[in-house]
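Summary of structural features
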Amino acid sequence: MVEDWDNFLIPYKQAVDELKVKLRGIRAQFLKLDGRSPIEFVTGRVKPVDSIKEKMVRRHISEDRLEEDMEDIAGLRIMCQFVEDIYQVVDLLRKRTDINILEERDYVHNKKPSGYRSYHIIFEYPVQMLNGEKVILAEIQVRTLAMNFWATVEHSLNYKYKGEFPDDLKVRLERSAEAAFKLDEEMSEIRGELQETKGDSSGNDVRKSSDENSDI
């Protein structure tokens, strides 16, 4: 039984704080080396006690199994500009030695019925406590800015109306989620075309320089 929630949540808060610093450090390194990072920004939170209790009832999780069965008490979100950035970030996370990935759920290309898209990673993370190491479960969600906008609004509406949307509004929400993903795809295509154009221009410059040198 959890008698002191503040004490129970200490390692989860520490994990979120540590991982935010580490992930923001990765972003800073990318910016310094390449001038651009696949990580746009990072947020994190520890699930409020009321939300934990509500989910325990909804998912039939007993208090003595809370640490093993609730994966998102500690949660982080990594926002990206482009869909392809999501998978670059996921590859980076797979290579880390400070987290042990247990499960990956690709809702980016396997969207939920609601239209929700994101990439979820469930992992173990060791926290150094006064009485030794404690390994906790945590979750990272990786998504684009457009996906995050839709998910944030949908979540607030779902909370307000307790998920009881009229059928026509469900359809409109699904359509809006698809529109957000189409925007992501369009922006990726534009980015790709700009990179190709830049590459062609560089190639032309190189060829021109080579031709000029051959005439000397």
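Throughout what follows, the structure given in this document is the object of discussion. None of these values were measured; they are calculated from a predicted model. (Residues numbered from 1 in each chain as written. Predicted model: local features only at pLDDT ≥ 70, side-chain atom pairs only at ≥ 80, totals over all residues. Heavy atoms only, no water.)

Quick look at a nonpolar patch on the surface now. Residues Leu183, Met187, Ile190 and Leu194 make up a contiguous nonpolar surface patch of roughly 370 Å² in combined accessible area. Mapped onto the secondary structure, methionine 187 falls in helix H6 (residues 167–215). (Patch = residues over 30% accessible without salt bridge, like charges linked within 9 Å, V, L, I, M, F, W, Y side chains within 5 Å. Areas by Shrake-Rupley, 256 points an atom, 1.4 Å probe, with all protein chains shown as cover. Salt bridge = Lys/Arg side-chain N within 4 Å of Asp/Glu carboxyl O. Helix = DSSP H or I, 4+ residues; strand = E, 2+ residues; numbered from the N terminus.)

As defined by bridge partners, strand E2 (residues 74–80) adjoins strand E5 (residues 132–144) across seven bridges and the pair is classed as parallel. Residue pairing across strands places arginine 77 opposite glutamine 141, the latter belonging to E5. As paired elements, strand E4 (residues 119–129) and E5 share eleven bridges and run antiparallel to each other. By the bridge assignment, phenylalanine 123 is partnered in E5 with alanine 138. Counting the residues that bridge the hairpin from E4 to E5 gives two residues. (Pairing = 2+ DSSP bridges.)

Attention shifts here to the sheet that holds E2. With mixed pairing, five strands are arranged side by side in an open sheet as E1-E2-E5-E4-E3. Lying at the two open borders of the sheet, with one neighbouring strand each, are strand E1 (41–46) and strand E3 (100–106). Strand-to-strand twist in this sheet, taken as the mean axis angle between neighbours without regard to direction, amounts to 25°. In the packing of helix H1 (residues 5–34) onto the sheet, the strands contacted are E1, E2, E4 and E5, and the crossing angle to E4 comes to about 110°. Against the sheet, helix H4 (residues 83–95) contacts E2, E3, E4 and E5, and its axis sits at roughly 165° relative to E5. (Axes fitted to C-alpha atoms, helices over the stretch in contact; angles between N-to-C directions. Contact = heavy atoms within 4.5 Å.)

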